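Chains, contacts and geometry: an overview
What follows is the residue order along each chain.
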Amino acid sequence: MPANLFRPTIDRRSFLASAASLAFAPLVSRGVRAGAPDKELRLVASPARLPIVGAPYPETDVWCYSGQSPGPEIRVRQGDRVRIVVENRLPEDTTVHWHGLRVPNAMDGAPDVTQSSIQPGESFFYEFPVPDAGTYWYHPHAHSAEQVGRGLAGAFIVEERNPLPVDRDMVWVLGDWRLRRDGAISEDFNNPMEMSMSGRIGNTVTINGRVPGRFAVRSGERIRLRLINAASARIFGLEFKDHRPLVIALDGQPIEPHWPDGGRIVLGPAMRADLIIEMAGAPGSSASVIDTFYRDLAYKLVELAYTDDPPLAARIAGGPSMLPANTMPEPELARGIRHEVTLTGGMMGGMGMGGGMGGMMGHGGMWAINGVAAHGHNMQPILTLDRGKSYVFAIDNKTAWYHPIHLHGHSFRVITRNGEPTRYREWCDTVLLAPRERADVVFVADNPGDWMFHCHILEHQEAGMMSVVRVT
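Residues numbered from 1 in each chain as written. Predicted model: local features only at pLDDT ≥ 70, side-chain atom pairs only at ≥ 80, totals over all residues. Heavy atoms only, no water.

1. Digging into the overall build of the chain
Secondary structure assignment for the chain yields four helices and 31 strands. Buried positions account for 60% of the 472 residues belonging to the chain. Total accessible area on the chain stands at roughly 17,900 Å², and carbon and sulfur atoms take up 52% of it. (Helix = DSSP H or I, 4+ residues; strand = E, 2+ residues; numbered from the N terminus. Buried < 20%, exposed > 50% of the residue type's maximum accessible area, 1.4 Å probe, protein only. Areas by Shrake-Rupley, 256 points an atom, 1.4 Å probe, with all protein chains shown as cover.)

Printed below as a string of structure tokens:
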């Protein structure tokens, strides 16, 4: 068996047309040209069989986009407009959320908040501009834990107008699967015990939909490696042995280039990191990439295997690493309106709605945000924000578990952790909070509409840690 397998661990047509026209009315007034988009494609969500583990194990029945898991890599240039038709051939409804992209509200893919779900046999077209360069991804926001757990995810890359000089620009979509010994996906989704704890952690980790063995590199090359955590619950803590990855972006947003703390890149579900890695190993050598996040459960993710080719000339090594800023408006911290956001619940919570065993009586009441546990997607906003104003969300994790908290339609700066200023004031769309940790984030509420605000451990989201923030 592979090393990491089984490791613990009106009518519809009128509605669509009107929704699209509403979405694009403000965009045209902002100077986005009308007419044909720069990129058009179709995604078909459907069942398929794919070789997740590889021989001699049988193929796995998955759900995927256009016959691939992860789905087709969407790669565009900053400033492009895209049109994507999503066809649903699944046995249940679905949507697509464009994670991290600041899209118009009607295009956000949140069922019963921004659109009706796409029913089996139906299609929906998404059309939007991409104002910011960076590493993003797409996934369902209906029945998220199961649909992502069955393979529905894909990378969405927006290239800078002037990309950094590298020899290769690579994407690793990190996946986490729970497989039986016959290679089939275990059907125990939404287990109440797991939902009230760390979520559904799988036993098989993949890179780009396959259990990895080796990743071929050449001595002297400079690689931009885009990491995407597409797992429903697993947190990764990656160490690149004998290498010094330079972090240049988090959640698609440029950051001051730096070596990661302790040499480890930590990514909660939905989070991304862009790295520059100078491949300094000798021809024929190898080095391991280890995941050490969970105590006593470290494993080798993949081997960096150097080819026997002579080293590349150092024409790119040591080149620029700082990315240009994106287009988010800079928040005014001194004028920021403060809101307390309190996370409660889960096993060993000991306080608030959903704490202790009582929260297991119903999936919707295990977790809560500001004392409100979500039930489905028909929710009233917990906060109403004025467009154009700056806001500070003081997020207090009063639970015994990690929570990657994601705000749709916006990026924010993480400015403090446990009262201490952060070193880089990094832009993110998802912030990982450790148990009992507090973090302050600040942003400008510049994108009008109702936006999902939730934990991206998808089992936590479906068990109550999900809410709506309204920007008027």
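Structure's up, so let's keep going.
2. Section: the sheet that holds strand β7 (residues 134-139)
Within the open sheet, the four strands sit side by side as β3-β8-β7-β5. Their pairing is mixed. Looking at the sheet topology across the chains shown, the edges are occupied by β3 (71-77) and β5 (97-99). Ignoring strand direction, the axes of neighbouring strands in this sheet form an average angle of 25°. Of the strand pairs in this sheet, β5 and β7 are connected by three bridges, and their pairing is antiparallel. Following the sheet pairing, H99 is matched in β7 by W137. (Pairing = 2+ DSSP bridges. Axes fitted to C-alpha atoms, helices over the stretch in contact; angles between N-to-C directions.)

3. Remarks on the pairing of strand β1 (residues 39-50)
As paired elements, β1 and strand β4 (residues 81-88) share seven bridges and run parallel to each other. Opposite A45, over in β4, you have N88 as the bridge partner. As judged from the six bridges shared by β1 and strand β2 (residues 60-65), these two strands associate in the antiparallel manner. By the bridge assignment for β2, P47 is matched with W63.

4. Section: the pattern of salt bridges
For the structure on display, the rule yields 39 salt bridges. Across the salt bridge formed by R75 and E159, the nearest N and O atoms sit 3.0 Å from each other. Pair noted here: R75 is in strand β3 and E159 is in strand β8 (residues 154-159), with a separation of 84 residues, a long-range link. With a shortest N-O distance of 3.2 Å, D446 and R102 are connected by a salt bridge. (Salt bridge = Lys/Arg side-chain N within 4 Å of Asp/Glu carboxyl O.)

5. Side note on the packing of aromatic side chains
Applying the stated criterion across every chain yields a total of 14 aromatic pairs. For the ring pair Y391 and F443, a centre distance of 6.5 Å and an interplane angle of 35° mean the geometry is tilted. Taken as a pair, Y391 in strand β23 (residues 390-397) and F443 in strand β29 (residues 438-444) lie far apart in primary sequence, 52 residues in all. Take Y391: its relative accessible area is 2%, and that puts it in the buried class. (Phe/Tyr/Trp six-rings, centres within 6.5 Å; stacked < 30°, edge-to-face > 60°.)

6. As for the nonpolar core
Counting residues in hydrophobic clusters, the biggest one holds 34 residues, and the most contacted among them are L385, F393, I395, I405 and F453. With residues up to four places along the chain from it excluded, the contact list for I405 reads L343, I395, F412, D429, T430, V431, L433, F453, H454, C455 and M465. (Core = buried A, V, L, I, M, F, W, Y, C linked by side-chain atoms within 4.5 Å. Contact = heavy atoms within 4.5 Å.)

7. Examining the side chain of T430
Mapped onto the elements of the fold, T430 is located in strand β28 (residues 430-433). By relative accessible area, which is 0% here, T430 ends up buried. One polar contact links T430 to H99, side chain to side chain, over a distance of 3.3 Å. A polar side-chain atom of T430 sits 3.4 Å from a polar atom in the side chain of H406. If near-sequence neighbours (up to four positions away) are discounted, T430 is found in contact with H99, D251, P269, A270, M271, P404, I405, H406 and F412. (Polar contact = N/O pair within 3.5 Å; in protein donor to acceptor, adjacent residues only side chain to side chain.)

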